Amino acid sequence: MSLTIGPGITLGAGVRIDPVYNPITAGLQLYLDAQNYTGSGTTWTAQVGSNATLYNTPTYNASSPTYFNFVPASFQWSSAPDLGNLSNWTVEAWFRTSVSDLSSYVTAVACNEWDYATSLNYCLGTMGNTTNISAGFFDGAWHNTSGFQPAVNTWYQSVGTYDGSTLVQYVNGASQSSLSYTGTPSSGGLVRIASRWDDQASSIDFFPGDIAIVKIYNTALSGADVLQNFNANRLRFGI
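Please read all numbers here as calculations on a predicted model, not as lab measurements.

Criteria and cut-off values
- Residues numbered from 1 in each chain as written.
- Predicted model: local features only at pLDDT ≥ 70, side-chain atom pairs only at ≥ 80, totals over all residues.
- Heavy atoms only, no water.
- Core = buried A, V, L, I, M, F, W, Y, C linked by side-chain atoms within 4.5 Å.
- Buried < 20%, exposed > 50% of the residue type's maximum accessible area, 1.4 Å probe, protein only.
- Contact = heavy atoms within 4.5 Å.
- pLDDT = per-residue confidence, 0-100.
- Salt bridge = Lys/Arg side-chain N within 4 Å of Asp/Glu carboxyl O.
- Helix = DSSP H or I, 4+ residues; strand = E, 2+ residues; numbered from the N terminus.
- Lys, Arg positive; Asp, Glu negative; His and termini not counted.
- Phe/Tyr/Trp six-rings, centres within 6.5 Å; stacked < 30°, edge-to-face > 60°.
- Lys NZ or Arg CZ within 6 Å of the ring centre and 35° of its normal.

## Thoughts on the nonpolar core
Trp-89, Phe-95, Ile-193, Ile-211 and Ile-216 are the most contacted members of the largest nonpolar core, which has 39 residues in total. Not counting residues within four places of it along the chain, the set of residues in contact with Ile-211 comprises Tyr-67, Phe-68, Phe-70, Trp-94, Phe-95, Val-109, Ile-193 and Ala-194. Residues Ile-24, Leu-28, Ile-213 and Tyr-217 belong to the second largest nonpolar core, which totals 16 residues.

Here it is in structure tokens:
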């Protein structure tokens, strides 16, 4: 059986047609994709928001799926300007780890810099749980999802959302864990990628692995929105 989809365009039997999914753009404050890097220099060009700066020369892999490799021993990380106080937020990252056990790391895939007192607005990282990647914030105490322990060399889309009363974490488009907590997290400063939110004194303060995409929204995406973002990029990462 064949299918005609337009003038002069006929698909034969067994041809699969995948739907096209567009990423959610409403509320998007920062959108960094390694595909937008020029291949040299310290500027990681943003699709949305301000450009990020690369530190200590993380390795750029231009081949698909296109990503930066961050090596903790070399203190490699990236930063983007402060997004201000986000009372509601979503942090999304596509990443994979190069180690099988994160228990010795206190770091983040993406977070903001805290105020060195009581406030950390958003974080997707190990936080108070030094084994799992979880989503949360700090307001004198950690409030974070239980998270998940990523398998080594495996690509994931992980997303954390906060709507003012509930933290939700998603992994590959599906809800993974949540936490009910009503608070007002405040912003401590610039966006950090592949680094913890405060100290950078040791290799354990940096993320071990590859990061391809980071997005930050000023709203809590719905589960349907998160799934749409996952579907927009899943084939790129072989998922």
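## Some details on the confidence of the model for the chain
Per-residue confidence for the chain gives a mean pLDDT of 92, with 92% of residues at or over 70. Per-residue pLDDT stays below 50 along residues 1-11; that stretch engages in 14 contacts with residues further than four places along the chain or on separate chains.

## As for the pattern of salt bridges
Counting across every chain of the model gives five salt bridges. The shortest N-O distance in the salt bridge between Glu-113 and Arg-192 comes to 2.6 Å. Separated by 79 residues along the polypeptide, Glu-113 in the loop between β11 (108-112) and β12 (120-125) and Arg-192 in strand β18 (residues 191-193) bring together distant segments of the chain. As far as the burial class goes, Glu-113 and Arg-192 line up, both buried. Here Arg-196 and Asp-205 are joined by a salt bridge, their closest N and O atoms 3.1 Å apart.

## Concerning the side chain of Lys-215
Note on placement: Lys-215 falls in strand β19 (residues 209-217). As a buried residue without a salt bridge, Lys-215 has its nearest oppositely charged side chain in Glu-92, at a separation of 4.1 Å. Once residues within four sequence positions are removed from consideration, Lys-215 is found in contact with Pro-23, Leu-28, Leu-30, Tyr-31, Thr-90, Val-91, Glu-92, Asn-229 and Asn-233.

## Here's the deal with the packing of aromatic side chains
Summed over all chains, the structure comprises 22 aromatic pairs. Consider the rings of Trp-94 and Phe-237, whose centres lie 4.5 Å apart with planes at 10°: the pair is stacked. Highlighted residues: Trp-94 in strand β10 (residues 89-97) and Phe-237 in the segment after α1 (223-233), separated in sequence by 143 residues. Trp-94 gets classed as buried once you look at its relative accessible area, which sits at 0%. Owing to a relative accessible area of 7%, Phe-237 belongs among the buried residues under this scheme. Through a chain of ring-to-ring contacts, three or more aromatic side chains come together here, namely Tyr-37, Trp-44, Tyr-60, Phe-68 and Phe-70. The ring centre of Tyr-67 lies 4.9 Å from the NZ or CZ of Arg-96, which sits over that ring. Positioned over the ring face of Tyr-31 is Lys-215, at 4.6 Å from the centre of the ring.

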